[in-house]
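Residue-level structural notes
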Amino acid sequence: MHVKIAPSILSCDIGLLNSELDRIASADLVHVDVMDGHFVPNLTWGLPVVEAAVRHGGLPVDTHLMIEDPDRWAVDYANAGAKSVTFHAEAVTAPITLARRIRAAGAKASVAFRPSTDPGPYLDFIDEFDMVLVMTVEPGFGGQRFLDATLPKIRRVREAVTASGAQVLIQVDGGIDRKTIIGAAEAGADVFVAGSAVFGSSDPDAEIRFLRSEAERILRGTRFYQA
Ligand code: DX5
Ligand code: ZN
């Protein structure tokens, strides 16, 4: 079990994407938030920005689709070269089929849950996914406060993943910083998205390394840790 840190470019200077990506070279993934102004009350970017991040080539691209019709669009992101494609449980119509199509297109398939969405129905077929994203803020904006109320859900997903024996990463996204990463790691997360904490730092690479070492320290002390 290895901790991964995924800075979100929502908090970077998007006009300087290539040099902003150079500032996070020590990250494991780069997290790209696609928002359509319908599923969430904010509009960001789509395929061209994912393609630009893929072209940069420094880091695998982790795409978080906050869009109304992932059944229609998600595979295009896999074809664009994203390493992982996350769609929302609240928006998808055929999650198992879509996960299989994403995998067939060569990307990792991942499902996301808003803070108040029950992941229960998914836990019976968790092995259809490579990653589960537990949102720790309401999706839509960077810079929000981490919701402690999501910790039981992280634990519940971790229990289900451990019981299944499948290799499924657990990602948390929203309000992750030096303090909140501790509780999220204790609860069983192993992939941490951080936007403002990383790009708001004067030394993003050093911040990434700090966050990773904190999460590794905590995870090593948990009962589900596997070397
Ligand atoms: C929110 C996005 C997050 C966001 C995280 O809808 O999914 O990825 O950029 O930003 P911070 O780390 O600032 O909460
Ligand atoms: Zn995100």
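The structure under discussion appears in the preceding block.
What this report covers is the structure whose coordinates are included nearby. These numbers were taken from a predicted model, which means no experiment stands behind them. (Residues numbered from 1 in each chain as written. Chains lettered and ligands numbered in written order. Predicted model: local features only at pLDDT ≥ 70, side-chain atom pairs only at ≥ 80, totals over all residues. Heavy atoms only, no water.)

1. Considerations on the packing of helix 3 (residues 70-79) against helix 4 (residues 95-104)
The condition is simple: Convention adopted: a line fitted to C-alpha atoms gives each axis, helices being fitted over their contacting stretch, and angles between N-to-C directions are expressed from 0 to 180 degrees. Comment: elements are numbered from the N terminus, with helices defined as DSSP H or I runs of at least four residues and strands as E runs of at least two. Orientation labels follow simple angle bins: below 35 degrees gives roughly parallel, above 145 gives roughly antiparallel, 65 to 115 gives roughly perpendicular, and whatever is left gives oblique. Crossing handedness: left-handed means the near helix sits turned counterclockwise from the far one by under a right angle, and right-handed means the same turn made clockwise. A contact between two residues is defined here by any heavy atoms of the two lying within 4.5 Å. Three residue categories are used. Nonpolar comprises Ala, Val, Leu, Ile, Met, Phe, Trp, Tyr, Cys and Pro, charged comprises Asp, Glu, Lys and Arg, and polar comprises the others, including Gly.
Close contact between helix 3 and helix 4 brings their axes to 9 Å; oriented N to C, the two are set at 15°. It follows from the interaxial angle that helix 3 and helix 4 lie roughly parallel. As helix 3 runs across helix 4, the sense of the crossing is right-handed. Residues P70, D71, A74, V75 and A78 of helix 3 touch helix 4, and the partners they reach there are L98, R101 and I102. In terms of residue class, the contact of helix 3 with helix 4 is built from six nonpolar, no polar and two charged.

2. Some points on the site of ligand 1
Applicable threshold: We call a residue near a given molecule or strand whenever any one of its heavy atoms falls within 4 Å of it. Accessible surface is estimated by sampling points in the Shrake-Rupley manner with a 1.4 Å probe; for residues, cover comes only from the protein chains shown.
In the region of ligand 1, 20 residues are neighbours, and D33, G140, D173, G195 and S196 sit closest. In isolation ligand 1 has 380 Å² of accessible area, and contact with the protein removes 100% of it. The leading source of residues in the shell around ligand 1 is strand 2 (residues 30-35), at three residues. The residue inventory of the shell around ligand 1, partitioned by class, reads eight nonpolar, ten polar and two charged.

3. Examining the pattern of salt bridges
Note the following rule: Salt bridges are defined as contacts in which a side-chain nitrogen from Lys or Arg sits within 4 Å of a carboxyl oxygen from Asp or Glu. Residue exposure (1.4 Å probe, protein chains only): buried if accessible area is under 20% of the type maximum, exposed if over 50%, otherwise partly exposed.
Summed over all chains, the structure comprises eleven salt bridges. With its nearest N and O atoms 3.6 Å apart, the salt bridge here joins D76 to R72. With D76 and R72 both in helix 3 and four residues apart, this pair spans about one turn of that helix. The partly exposed category is assigned to D76, whose relative accessible area is 27%. Given a relative accessible area of 44%, R72 falls into the partly exposed group. Here R103 makes a salt bridge to D130, at a shortest N to O gap of 3.1 Å. You can see R103 sitting in helix 4 and its partner D130 sitting in the loop between helix 5 (120-123) and strand 6 (131-135), a full 27 residues away along the chain.

4. As for the coordination of the zinc ion (ligand 2)
Reference geometry at the metal: tetrahedral coordination by four donors gives ideal angles of 109.5 degrees; octahedral coordination by six donors gives 90 or 180 degrees. Formally: Water is absent from the atoms considered, so a metal site may look incomplete; donors are defined as N, O and S atoms within 2.8 Å of the metal, or 3.2 Å for Na, K and Ca.
Taken together, H31 (NE2), D33 (OD), H64 (ND1) and D173 (OD) make up the full set of protein donors to the zinc ion (ligand 2), lying 2.0 to 2.3 Å away. Spacing between the donor residues of the zinc ion (ligand 2) along the chain follows H-x1-D-x30-H-x108-D. Of the two residues, H31 is situated in strand 2 and H64 in strand 3 (residues 61-66); the sequence distance between them amounts to 33 residues. Here H64 falls in the buried class, since its relative accessible area comes to 0%.

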